[in-house]
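Residue-level structure breakdown
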Amino acid sequence: MPGMRRSPVLMIAAVLALLIGAALAVGGVWLITLGGSWYYVIAAAGFLLTGGLLLAQRPTALWVYALVVAGTLGWALWESGLHWWPLAARGDVVFLVGLLLLTPWVTRSLYDRASVSVSDRDAEVRRVSAFRGAGWPLTAVLAVALAVAVASWFTDPTRIEGTAPGPRAEVPDDALGVPPGEWHAYGRTAYGQRYSPLNQITPANVANLQEAWTYRTGDVRGRPGDPEETTFQVTPLKFGNRLFLCTPHQSIIALDDTTGKEVWRYDPKVRGELALQHLTCRGLSYYRGNGSAVSAPASAPATGTSVPDLPVAANERKTIDNCPTKLFMPTADGRLIALNPENGDVCAAFGGGTGQINLWANMPNVNPGAYYSTSPPAIARNLIIVGGTVLDNVSTSEQSGVIRAFDVNTGALVWNWDSGRPDVTTPLAPGETYVPNSPNSWSISSVDEALGLIYIPLGNQPPDQWGGRRSANVDRFSSSVVALDITTGQLRWVFQTVHHDLWDYDVPSQPSLIDLTIGGQTVPALVQPTKQGELYVLDRRTGQPVLPVTEKPAPQGAAPGDRTAPTQPVSALSYDPPPLSERDMWGATLFDQLACRIAFKKLRYEGRYTPPSLQGSLIYPGNFGVFNWGSIAVDPERQIAFTTPTYLAFVSQLVPRQDNKTLYVQGENRPEGSLPALNENFGAPFAVKLSAFTSVLGIPCQAPPWGYVAAADLTTGKILWKHKNGTVRDASPLPLPFPMGVPNLGGPIMTASGVAFLSGTIDYFVRGYDVSNGKQLWESRLPAGGQATPMTYTGSDGRQYLLVVAGGHGSLGTKAGDYVIAYALPKT
């Protein structure tokens, strides 16, 4: 009407409300057709009505929008309770629009046509504001929403509070012959505990840690031919006065333990043009020279002259005939090299005068780069025992998953255990090959020399998501942990963690060996973390459960030609998250949350172990794993585990194959000479599209937290405490340190003083925690992603050091680097 102009802000608010209403209406109707929530359609009506009333300059628009805010708040509390991040995703847009409507530029343009004459209209307009007239209900409900939001900042429904027990057993500081200040294997000892008896750094003084020195290797991903998974995941070893590590491009380096200065460096000259999916070295293997004799027949060493031809190990360095102690390094082109840790010279007696053996010997489907050991082999008595990774989901014609034991001094093959032919462990004759495509072991094994057993985590036969042609042996050993006799390689027991695995739930973690006191008796136990979140606690003598394992019904209905197991084993100690539902969907805004709800409803999902499907199945936890190669840390005195569970959902969709050539997943734009996408599955009836379940903004569709630190009692299975861990500072467009709880890749360590350390979160920090209650005590900013497992040692100067590797991770997108950083308490 005359005299009442619409302000530009009012017009903007009206158009914004109408656009939001239209978007919610379209998405809401779609969601309803899928059987989802009606909220979005109801909210759409509220936004559309508000927009129309704003165009008509009616104060009633504020009353209507107050109802929208109140309804949204009630719905949000009903779905998520006092949990800030789910509340924020539901209410952020609604709240901000409400604030816009209360601005004077909007309220001063509103009036009631029916009750106000032209002459007194100005007086009525003055009565419409944030605190008068139609504005006060909206102000009140926004104030309530703000109060609820503030209250939610101080509550965390995912948090578990508790206290870990003190020491319950006495363990010698030099257990297994490892001096307390040294770190001899990936998990410090052959038991794989990631526990140090050092106690100089304590909960009381850990906050005083400061950087002592930094070393840069000069080896950073990004060279021609590097796969995306070029990663610096090493956990260095320490013995004597030196540290020993390997780099992604396979250099071996010795450092002074107190200064970080390079002592020597060895380059194995890995050949180029390799069919690599991964380029990494998680660690080296150390032989102390004290192994006892093994009375098993041995074949001649597999030297570098076997197919394929490989570089000479000497590489312009000196060779020596024999080394009383040795470092072993598996290379990406399929060699195992022995070096003298004193000077980096090649141990020529190993491998018949070459200092190396060729792991391609007797291997089917030779394709350099497609098979090698990304993890350090195990040392057991006078044997070095080697597994390896194969190309994941490329074809059904990959290499064997054979486990081989070689004499540490000569490199002669002593035995081989092939899960495709498990009863014959005597070395193969020349010209024979191992069983193609048998389940492999790409992770780290553990050893109990007193029992004479090595414990090996096994993966799957490619393809991971379809198993219709698996043999009886493959089905028996896939996704299992096996115990082999050290002397002969014969199978002693097998425990399967997933039956007929269709989810890439291969066993990724090194088993941790620990003696537990249960019912007054000492039980030699094995703790096996898994991708699906179970921690199986087994008697390592027999493989029988120490904590109960229950077979529970699993979803059925596999893809054509396949089957599903009727039940799956669930441990009494489980980090399996609750099943997802529509209300667990999340986003940065109301809109991408709605899109995630639609995506969720379109997928097949019946809880954990939902089979892959042509429709597309939601796999939760996804194959990123609740636990992965970083494993856990166990304290043999407290008899607890320090764990880092991560929760990310994935989508698995089968794509029918018509032939063995078409690229279904990656398409025809693949660079010439590059590998196919990871999931083409040539030779199988299905390719598979596998991806993280994320929104259009690239953030997880499930609500945070996505990552935690937690402690569990290994004698009872009780989770003692559990806290979200890490921020999105390095994963969001703006460096905002919101403590949302983020994924972790890399393991923790614990010390006897009750401090744990972790560097693997996707924000660039190393952190220290009080093991008793989970409280974070210290953190230090890293120059790159810390996706590796730290270690700790005593330097030659008597100080305890914490050592962290910061090199980033390709597929996680964390910043690349080449840093080795040592921390210590200030000198006194």
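Please refer to the structure placed before this passage.
Residues numbered from 1 in each chain as written. Predicted model: local features only at pLDDT ≥ 70, side-chain atom pairs only at ≥ 80, totals over all residues. Heavy atoms only, no water.

1. Some thoughts on the overall build of the chain
- Broken down by element type, the chain carries 9 helices and 41 strands.
- For the chain, whose C-alpha radius of gyration is 30 Å, the value lies close to the compact-globule estimate of 28 Å for 828 residues.
- Principal-axis analysis of the C-alpha atoms gives the chain an extent of 110 × 70 × 55 Å.
- Looking at the chain as a whole, 61% of its 828 residues are labelled buried.
- Accessible surface for the chain amounts to roughly 29500 Å². Of this, 57% is attributable to carbon and sulfur atoms.
- Side-chain charges of the chain comprise 62 positive and 65 negative groups, with the mean position of each set lying 7 Å from the other. (Helix = DSSP H or I, 4+ residues; strand = E, 2+ residues; numbered from the N terminus. Rg over C-alpha atoms; globule rule 2.2 N^0.38 Å. Buried < 20%, exposed > 50% of the residue type's maximum accessible area, 1.4 Å probe, protein only. Areas by Shrake-Rupley, 256 points an atom, 1.4 Å probe, with all protein chains shown as cover. Lys, Arg positive; Asp, Glu negative; His and termini not counted. Charge placed at Lys NZ, Arg CZ, Asp CG, Glu CD.)

2. Digging into empty space enclosed by the protein
- Considering all chains together, one arrives at 6 cavities of 30 Å³ or more under this definition.
- Together, 15 residues line the largest cavity, and I385, V386, G387, S443 and S445 are the ones closest to its centre.
- Among the secondary structure elements, those contributing two or more residues to the lining of the largest cavity are β16 (383-386) and β20 (453-457).
- Of the residues contributing to the lining of the largest cavity, the split by class is 9 nonpolar, 6 polar and no charged.
- Estimated volume of the second largest cavity: approximately 80 Å³.
- Each residue belonging to the lining of the second largest cavity can be placed in one class, and the counts come to 5 nonpolar, 8 polar and no charged. (1 Å grid on protein atoms, 1.4 Å probe; cavity = no way out; pocket = protein on both sides within 12 Å on 5 of 7 lines; lining within 4 Å. Points joined across faces, edges and corners; volume = space filled by probe spheres on them. Nonpolar A, V, L, I, M, F, W, Y, C, P; charged D, E, K, R; others polar.)

3. Comments concerning unusual backbone geometry
- With an omega of 0 degrees, the peptide bond running from P462 to P463 counts as cis.
- Note that P463 resides in the loop between β20 and α8 (472-477).
- Of the consecutive residues P704 and P705, the connecting peptide bond is found in the cis state with omega at 5 degrees.
- Mapped onto the fold, P705 is located in the loop between β32 (686-692) and β33 (708-713).
- We note that Q250 has phi near 80 degrees; this positive angle belongs to a residue other than glycine.
- Secondary-structure assignment places Q250 in the loop between β5 (242-246) and β6 (252-256).
- Notably, S479 is not glycine yet its phi reads approximately 50 degrees, a positive angle.
- Note that S479 resides in the loop between α8 and β21 (480-485).

4. Quick look at the state of the cysteines
- Scanning the model with the defined rule gives 3 disulfides in all.
- Here C246 is linked by a disulfide to C281, with a sulfur-sulfur distance of 2.0 Å. Taking the sign of the S-S torsion, -85 degrees for the link of C246 and C281, the bridge is left-handed. Of this pair, C246 sits in strand β5 while C281 sits in the loop between β8 (278-279) and β9 (285-287), and the two are 35 residues apart along the sequence. The residues C246 and C281 share a single accessibility class, namely buried.
- Two residues, C323 and C347, share a disulfide whose sulfurs are 1.9 Å apart. In this structure, the disulfide formed by C323 and C347 twists by about -115 degrees around the S-S bond and is classed as left-handed. With C323 in the loop between β10 (319-320) and β11 (326-330) and C347 in strand β13 (residues 346-347), this residue pair connects regions lying 24 residues apart in the sequence.
- Given a relative accessible area of 1%, C323 falls into the buried group. (Disulfide = S-S within 2.5 Å.)

5. Some thoughts on the sheet that holds strand β1 (residues 195-196)
- A sheet is described by the order of its strands in space; here 5 strands give the open sequence β1-β35-β36-β37-β38, paired in mixed fashion. Across the chains shown, the open sheet's two edge strands, defined by having one partner strand only, are β1 and β38 (776-781).
- The sheet contact formed by β1 and strand β35 (residues 749-751) spans 2 bridges and is parallel. By the bridge assignment for β35, Y195 is matched with M750. (Pairing = 2+ DSSP bridges.)

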